[in-house]
Amino acid sequence: MQANPGTPAPPAKPRPVVNPWSRPFWEGTRQGKLLIQKCGACGHHVFYPRLSCPDCFAEDLAWVQSSGRGTVYSHTVVMSNAPSAFAADVPYVVAVIRLDEGVQMLSNVVDCDPEHLACDMPVEVVFEKLDDEFTLPKFRPVRP
Amino acid sequence: MSKSRGRSAIVGIGEVPTGRFPETSAIAFAVESARQAILDAGIGKDDIDVVIPTGSLFSNQFSNELATCRLVEELGLRNVRRNFQVFSGGSSSSNALQVAGAMIAAGEASHVLFVHTDKLGTGVTAQGGIDLFSTAGISAEWEVPFGQHYSTVAALATTRYKHETGCTDEMLSAVCVSNRKWAELNPHAFFRKPLTIDEVMASKMLATPLRAKQSNMLFDGGGAFVVTSAERARDLTDKPAFVLGEGGAVTHFAYSQEPDLTRFGWAQAARQAFEQAGVTPADIDVAEIYDSYPIYQIIGLEECGLYPRGEAGPAVLRGDTWPDGRLPTTTDGGMLSKGHIGAGGSVSLMIEAARQVMGKAGGRQVPNCRFAIETATGGTYMDAQVTILGNEIP
């Protein structure tokens, strides 16, 4: 969707609207850990956090620490017409990350020249504090 | 033969032009469209016994008015047994058509009126539209905080699809040109001036590789259709739009959870629809493919079996989908040129599919059009809905 010029002052960044069962995830990012779930019944890794396993429906989900490593499944650099809260961040990168554990998550790729962004490039997690309550997991290229 | 094949038909269509009408209320678009559809069907208003308005995105209050029977009263419909919303964003028309057909087949309805109206062109500001679509249908916990919005959603599919198939920016831009050529023929379309690939490629970059002229824009508008049984349809007209096949696949809510951003659920949905309809992709005369961004039209053409993987882009570039082309596609100009009206994006395409098989498309009528395929999807391409209409039952 496209915008016209003359946008109002940017609102504060949107904060995650948290489900009760994903509180450990956000507690983890505050401590610099990327936590995902693993099903004790079928062994699948699960992200985003669920009340029961989306594969086998078992409730036996445990928190495990992700390696924080993965690859960029797809990416885009936002150049204009961003949502109000992100207008000041342009250009910024939005990407779908495939973690080595086999789950996907949306994030931003940081510390990366947009020219060097590529599908399937290896990345690793970094943590960016949003405010006292929330720290967002973001990703940067793995340095060789 | 599938027991669902041809059990119901669209017999009347109505539509107001897409545009910016700040002085006109949303209910006016609904009333005008609904009235046209009832008259087009050749039935009396009091034949309508079920009314299905879908949701309007610009105003929750107005949407609630539709849910609470405003349209029934405004139109003076006196024999309505049920009025309820069917809303799944951009796939609302497909889901409503299936609900209507099922109710008719079960003897629970005789003439179902489906109506859409929205005011996204003047009912919200341009930035308000961007902000609405940075939250509507996007996970508030897992995606909104990272600046996801509908440009990035489309761009992520485009980037990966280009990576896997070698599709070029010229091919993606050719989708916009193709749809514009059809819009030039459609008096209800907003953008009707000729467009070139160079103009698309020179337009402002929104989110790489997606450019401004590869993005839909939001407008006001509305549309309606009347569904009845096949038997009743034959009494009313020589050329009803029989509902031959319907397939669907729900794949995700959060866009990042979609396992394949270059395919989605179209192949599964299309297989179901073709099997039910008893036709094959080679029988299709016109394709009304969901086109909020060019990538989705290309993926839709391929995954529905109309082109092999990687070959829809070159086909659009060489003019296959244009007027007089081999496979006329998105013949009302689509969301890219007729204009995006919320859930109405694919209401328009459903109406156009019916219009073509009913032989009512005027200056853009595809000659000898018997079978049409229509695709629709809601949210961040959360589902794949495929409908096949025809003016005969194979």
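Only a predicted model underlies this, so the values are computations on that prediction, with no experimental measurement involved.

Rules and cut-offs
Residues numbered from 1 in each chain as written. Chains lettered and ligands numbered in written order. Predicted model: local features only at pLDDT ≥ 70, side-chain atom pairs only at ≥ 80, totals over all residues. Heavy atoms only, no water. Helix = DSSP H or I, 4+ residues; strand = E, 2+ residues; numbered from the N terminus. Buried < 20%, exposed > 50% of the residue type's maximum accessible area, 1.4 Å probe, protein only. Contact = heavy atoms within 4.5 Å. Areas by Shrake-Rupley, 256 points an atom, 1.4 Å probe, with all protein chains shown as cover. Lys, Arg positive; Asp, Glu negative; His and termini not counted. Charge placed at Lys NZ, Arg CZ, Asp CG, Glu CD. Pairing = 2+ DSSP bridges. Buried area = accessible area lost by both parts, 1.4 Å probe. Salt bridge = Lys/Arg side-chain N within 4 Å of Asp/Glu carboxyl O. Polar contact = N/O pair within 3.5 Å; in protein donor to acceptor, adjacent residues only side chain to side chain. Nonpolar A, V, L, I, M, F, W, Y, C, P; charged D, E, K, R; others polar. Core = buried A, V, L, I, M, F, W, Y, C linked by side-chain atoms within 4.5 Å. Domains from an automatic or database assignment. Expected span 1.5 Å × (residues − 1). Arc of directions from axis to C-beta. Axes fitted to C-alpha atoms, helices over the stretch in contact; angles between N-to-C directions.

A word on the overall build of chain B. A count of helices and strands for chain B gives 14 helices and 11 strands. Dimensions along the principal axes, computed over C-alpha positions, put chain B at roughly 55 × 45 × 40 Å. Expressed as a percentage of the 394 residues in chain B, the buried residues total 63%. Put simply, of all contacts in chain B between residues at least 6 apart along the chain, 76% involve residues at least 24 apart. Counting only carbon and sulfur atoms, one obtains 49% of the accessible surface of chain B, whose full area is about 12,700 Å². Taken as two groups, the 33 positive and 43 negative side-chain charges of chain B have centres that lie 2 Å from each other.

We now examine the sheet that holds strand 3 (residues 61-65) of chain A. All names here are of chain A. Ordered in space as 2-1-3, the 3 strands form an open sheet in which the pairing is antiparallel. Bordering the open sheet on either side are strand 2 (45-46) and strand 3, each of which pairs with just one other strand. Where strand 1 (residues 35-39) and strand 2 come together, 2 bridges link them in antiparallel fashion. Its bridge partner lying in strand 2, K38 is registered against H45.

Here the focus is the interface of chain A and chain B. Each partner contributes to the interface: chain A provides 46 residues, whereas chain B provides 46 residues. A combined buried area of about 3,900 Å² lies between chain A and chain B, and 59% of that area is made up of carbon and sulfur atoms. On the surface where chain A and chain B come into contact, there are 1 salt bridge. Across the salt bridge formed by D120 of chain A and R160 of chain B, the nearest N and O atoms sit 2.9 Å from each other. On the surface where chain A and chain B come into contact, there are 26 residue pairs in polar contact (both at pLDDT 80 or more). Here the side of chain A that touches chain B takes 7 residues from strand 4 (residues 69-78) of chain A, the largest share from any one element. Taken together, the residues of the side of chain A that touches chain B sort by class into 28 nonpolar, 14 polar and 4 charged.

All names here are of chain B. Here K3 shows up in the segment before strand 1 (8-19). Owing to a relative accessible area of 78%, K3 belongs among the exposed residues under this scheme. Along the primary structure K3 and A105 are separated by 102 residues, whereas in three dimensions their C-alpha atoms are 9.7 Å apart.

A separate point is the pairing of strand 8 (residues 135-141) of chain A. All names here are of chain A. Of all 7 residues making up strand 8, 6 are buried, and the element is well covered by its neighbours. Where strand 7 (residues 122-129) and strand 8 come together, 7 bridges link them in antiparallel fashion. Bridge pairing in strand 8 places E128 opposite L136.

Our next topic: the nonpolar core. Residues and elements named next belong to chain B. One finds L113, Y296, L306 and I373 to be the most contacted residues of the largest nonpolar core, which totals 121 residues. Residue assignment places this core across two domains, with domain 1 (8-124 + 219-236) and domain 2 (148-217 + 241-390) each supplying three or more. Look past the residues within four positions of I373 in its chain and what remains in contact with it is F274, I284, V286, A287, E288, I289, C304, L306, V386, T387 and I388. Of all hydrophobic cores here, the second largest spans 30 residues; its members include I52, V243, V286 and M350.

This paragraph deals with the pattern of salt bridges. Tallying each qualifying case throughout the model produces 29 salt bridges over all chains. Connected via shared salt-bridge partners are E15, K338, E352, R355 and R364 of chain B.

Residue and element names in this part refer to chain B. With 12 residues, helix 10 (residues 266-277) should reach 16 Å at 1.5 Å per residue; the first-to-last C-alpha distance of 16 Å fits that figure. Those residues of helix 10 that fall on the buried side of the exposure criterion are W266, A269, A270, A273, F274, Q276 and A277. Projected onto a plane normal to the axis of helix 10, the buried residues spread over an arc of 165° and lie on a single side. Summarising the geometry of helix 10, the exposed residues directed more than 90 degrees from the buried face are R271 and E275. Of the surrounding elements, those touching the buried residues of helix 10 are strand 8 (241-250), helix 11 (294-303), strand 10 (371-376) and strand 11 (383-390). After helix 10 finishes, the residue G278 shows a positive phi value of roughly 75°.

Often, the extent of an interface is quoted as the loss of accessible area upon association of its parts. Residue and element names in this part refer to chain B. One can read the domain layout of chain B as domain 1 (8-124 + 219-236) and domain 2 (148-217 + 241-390). Spacing between the C-alpha centres of domain 1 and domain 2 amounts to 23 Å. Between domain 1 and domain 2, the contact holds 42 residues from the first and 35 residues from the second. For the pair domain 1 and domain 2, the summed buried area comes to about 2,800 Å², and 62% of that belongs to carbon and sulfur atoms. In this structure, the connection of domain 1 to domain 2 is made through 3 salt bridges. Linking D40 and K360 is a salt bridge whose minimum nitrogen-to-oxygen distance equals 2.7 Å.

On to the sheet that holds strand 10 of chain B, then. Residues and elements named next belong to chain B. Within the open sheet, the 9 strands sit side by side as 3-2-4-7-1-8-11-10-9. Their pairing is mixed. The strands lining the two open edges of the sheet, one partner per strand, are strand 3 (82-83) and strand 9 (286-288). Bridging between strand 2 (residues 50-53) and strand 3 involves 2 bridges; their strand directions are parallel. The partner of V50 across the bridge, within strand 3, is R82. Contacts from helix 10 reach strand 8, strand 10 and strand 11, with the element oriented near 150° to strand 8.

Glycine aside, the phi torsion of most residues is negative, and most peptide linkages are trans. Here the residue pair V90 of chain A and P91 of chain A is connected by a cis peptide bond, since its omega of -5° sits within 30 degrees of zero. With respect to the helices and strands, the residue P91 of chain A is situated in the loop between strand 4 and strand 5 (92-99). Cis geometry is found at the peptide bond from T208 of chain B to P209 of chain B, where omega equals -5°. Assignment of secondary structure puts P209 of chain B in the loop between strand 5 (205-207) and strand 6 (210-211). We note that T330 of chain B has phi near 50°; this positive angle belongs to a residue other than glycine. Mapped onto the fold, T330 of chain B is located in the loop between helix 12 (312-317) and helix 13 (334-337).

A separate point is the side chain of S8 of chain B. All names here are of chain B. Locating S8 in the fold gives a position in strand 1. Using a relative accessible area of 1% as the deciding quantity, one classes S8 as buried. Setting aside chain neighbours within four positions, we find S8 in contact with G101, V227, T228, S229, A230, A241, F242 and V243.

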